[in-house]
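So you can see what is in the structure, the chains are spelled out below.
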Amino acid sequence: MENLIKVFKENKGFFVAVAYGVTSVSITFFNKAVLNYYGFNYSNSLTLGQMIFSLFFLITMKSFGYISYPDFNIDLCKKLASLSLLFILMVVSGLAALAKTNVPLFSALRRLSTLIVIAGEGFLLGKVTPTDEVQSVVVMVLGALIAGLGDATFDLVGSIYILFNCFVTAGYLIYIAKKTKETQLNTFGLMFYCNILSLPATLLLTFITEWEGISTYEGYGNLGFQFCFFMSSIQAFLLNYFIFLCSTMNSPLTTSITGQIKSILQTIIGLFMFGDVIITPLLSFGLIFSTVASFWYTYIKYAQTRARNNPPSN
């Protein structure tokens, strides 16, 4: 047991990245089930439910002393307004895109966010990304674009949502690290403020765009729907936690790449799970092309880690 604890402490960043990847895969399928399989095609309402659950978990855990974060503070609200805006745009656009596209294409096109993170880190944080990393990410994106061209169920609106989601996701990942340094808030504090600041706008958006639909939806009594909605909401809390933790403990790029690598498994399962994918040669080629690039990037990062841990001796 002591050895296991030691291994975890020495590789905490790696385990956090894995936890983020597993949660991200799982929540995608629960979200897809709620939105399409059970016909609850109200992405803003699902977002609202996830926010309410997250706030409930945070407040309950704080009241029992399991976690701590500062009480509601106007100055912190002002400092975190931009991060909260990116948060709500990321969640809403992501669910809207998932509702209109199949899982493999959704996973493939979201790889563009990694390239945007690289550009953003260079511009905002002055970070220089190695050439081979950039090349592998470019190949990922090219494969995703080829897959999009070969998708027989291509939805223009859904693809625009995904493109927009890539930009706001990249900005969100970069700003997490920036705002953490500015506010000195811990992970739970950032989660609390992002959710509480985003709640009024999400509530208003839901009422304006989806009230008629959710008030007449007939599937609330379905146990399968209840289970998937509940699991989606729980994992939204866990996913946000692991995104914050991975971005602060590792880096925004690591978080983004972890999200892309988990897309390999997500793509494979998504091809067969919901029956909404028409497999064409161009789609298959693009997905394989992008997946190989993901493995390429993984090898590059592995080689870099080995080089850091085993420096050449003089």
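Residues numbered from 1 in each chain as written. Predicted model: local features only at pLDDT ≥ 70, side-chain atom pairs only at ≥ 80, totals over all residues. Heavy atoms only, no water.

Looking at an unreviewed UniProt entry, the protein chain carries the name Sugar phosphate transporter domain-containing protein, with the source organism given as Dictyostelium firmibasis.

Student: Would you mind showing me how to read the UniProt feature "transmembrane region" (unreviewed entry) in the protein chain here?
Tutor: In this numbering, the UniProt entry assigns the feature "transmembrane region" (unreviewed entry) to residues 12-30, 42-59, 80-99, 160-178, 190-211, 223-247 and 268-297. Secondary structure across residues 80-99 comprises 95% helix and 0% strand; the distance between its end C-alpha atoms is 29 Å. Across residues 190-211 one finds 100% helix and 0% strand; the C-alpha atoms that close the span lie 29 Å apart. (UniProt positions renumbered as here; feature names shortened; annotations may be inferred. Helix = DSSP H or I, 4+ residues; strand = E, 2+ residues; numbered from the N terminus.)

Student: Where do I start with a nonpolar patch on the surface in this structure?
Tutor: Among the surface-exposed residues, Val138, Leu142, Leu145, Phe285 and Phe289 lie close enough to one another that they form a single nonpolar patch of about 420 Å² accessible area. Contributing elements (two or more residues each) for the nonpolar patch: α8 (131-149) and α13 (281-309). Element by element, the count of residues in the nonpolar patch is highest for α8, at three residues. Along the chain, Val138 falls in helix α8. For Val138, a relative accessible area of 33% translates into the label partly exposed. (Patch = residues over 30% accessible without salt bridge, like charges linked within 9 Å, V, L, I, M, F, W, Y side chains within 5 Å. Areas by Shrake-Rupley, 256 points an atom, 1.4 Å probe, with all protein chains shown as cover. Salt bridge = Lys/Arg side-chain N within 4 Å of Asp/Glu carboxyl O. Buried < 20%, exposed > 50% of the residue type's maximum accessible area, 1.4 Å probe, protein only.)

Student: Is there a simple way to explain the packing of helix α3 (residues 43-63) against helix α5 (residues 81-100) in this structure?
Tutor: For any two helices packed against each other, one specifies the crossing angle of their axes together with the interaxial distance. Running from N to C, α3 and α5 point in directions that differ by 130 degrees, and their axes come no closer than 9 Å. With respect to each other, α3 and α5 are oriented oblique. Both α3 and α5 take part in a crossing whose hand is right-handed. Where α3 abuts α5, its residues Ser43, Asn44, Leu46, Thr47, Gln50 and Met51 lie against Phe87, Ile88, Val91, Val92, Leu95 and Ala96. Looking at the contact of α3 with α5 residue by residue, the class counts come to eight nonpolar, four polar and no charged. (Axes fitted to C-alpha atoms, helices over the stretch in contact; angles between N-to-C directions. Parallel < 35°, antiparallel > 145°, perpendicular 65-115°, else oblique. Left-handed = near helix turned anticlockwise from the far one by under 90°. Contact = heavy atoms within 4.5 Å. Nonpolar A, V, L, I, M, F, W, Y, C, P; charged D, E, K, R; others polar.)

Student: I tried to follow the nonpolar core on my own but got confused; where do I start?
Tutor: Proteins that are soluble and globular tend to have nonpolar side chains buried together. The biggest cluster of nonpolar side chains holds 66 residues, and the ones touching the most others in it are Phe40, Leu58, Leu83, Tyr172 and Phe244. Per-element accounting of this core gives the leading share, eleven residues, to α5. The residues contacting Phe244, other than those within four sequence positions of it, are Leu83, Tyr172, Ile176, Thr187, Leu190, Met191 and Cys194. If you look at the next biggest cluster of nonpolar residues, it comprises five residues, including Ile118, Val137, Ala293 and Tyr297. (Core = buried A, V, L, I, M, F, W, Y, C linked by side-chain atoms within 4.5 Å.)

Student: Is there a simple way to think about unusual backbone geometry in this case?
Tutor: A negative phi angle characterises most non-glycine residues, just as the trans form characterises most peptide bonds. For Gln184, which is not a glycine, the phi torsion comes out positive at approximately 60 degrees. For Gln184, the location among the structural elements is in the loop between α9 (156-183) and α10 (187-216). Residue class for Gln184 comes out exposed when judged on its relative accessible area of 64%.

Student: I'm lost on the side chain of Thr47 in this one. Help?
Tutor: Assignment of secondary structure puts Thr47 in helix α3. Residue classification places Thr47 among the buried positions, given a relative accessible area of 1%. In this structure, Thr47 is in contact with Val91, Val92, Leu95 and Thr202, ignoring residues within four places of it in sequence.

Student: For this particular structure, what's the right way to read the packing of α3 against α10?
Tutor: Contact geometry of α3 with α10 gives a least axis separation of 7 Å together with a crossing angle of 145 degrees. In the crossing of α3 with α10, the sense of the turn from one axis to the other is left-handed. The residue makeup of the contact of α3 with α10, split by class, is 14 nonpolar, ten polar and one charged.

Student: Explanation requested: α5 in the structure shown.
Tutor: The periodicity of an α-helix, 3.6 residues per turn, causes residues three or four positions apart to be oriented the same way. Its 20 residues give α5 an end-to-end C-alpha distance of 29 Å, which sits within 8% of 28 Å, the value for a rise of 1.5 Å per residue. Burial analysis of α5 places 15 of its 20 residues in the buried class, which makes it a mostly covered element. (Expected span 1.5 Å × (residues − 1).)

Student: Any chance you could explain the pattern of salt bridges here in plain terms?
Tutor: Any two side chains of opposite charge can pair, on the condition that their charged atoms come close. Tallied over the full model, the rule gives two salt bridges. Ionic pairing is found between Asp71 and Lys62, a salt bridge with its closest N-O pair at 2.5 Å. The class for Asp71 is exposed, based on a relative accessible area of 58%. The shortest N-O distance in the salt bridge between Glu182 and Lys179 comes to 3.2 Å. Of the two residues, Glu182 and Lys179 both sit in helix α9, three residues apart, roughly one turn of that helix. According to the relative accessible area criterion, Glu182 is partly exposed, its value standing at 38%. Assessed through its relative accessible area of 8%, Lys179 is described here as buried.

Student: Whenever I open this one, the environment of Thr216 confuses me. Can you help?
Tutor: Within the secondary structure, Thr216 is located in helix α10. Using a relative accessible area of 53% as the deciding quantity, one classes Thr216 as exposed. Within the local environment of Thr216, its side chain forms a polar contact with the backbone oxygen of Glu212, the two atoms lying 3.0 Å apart. (Polar contact = N/O pair within 3.5 Å; in protein donor to acceptor, adjacent residues only side chain to side chain.)

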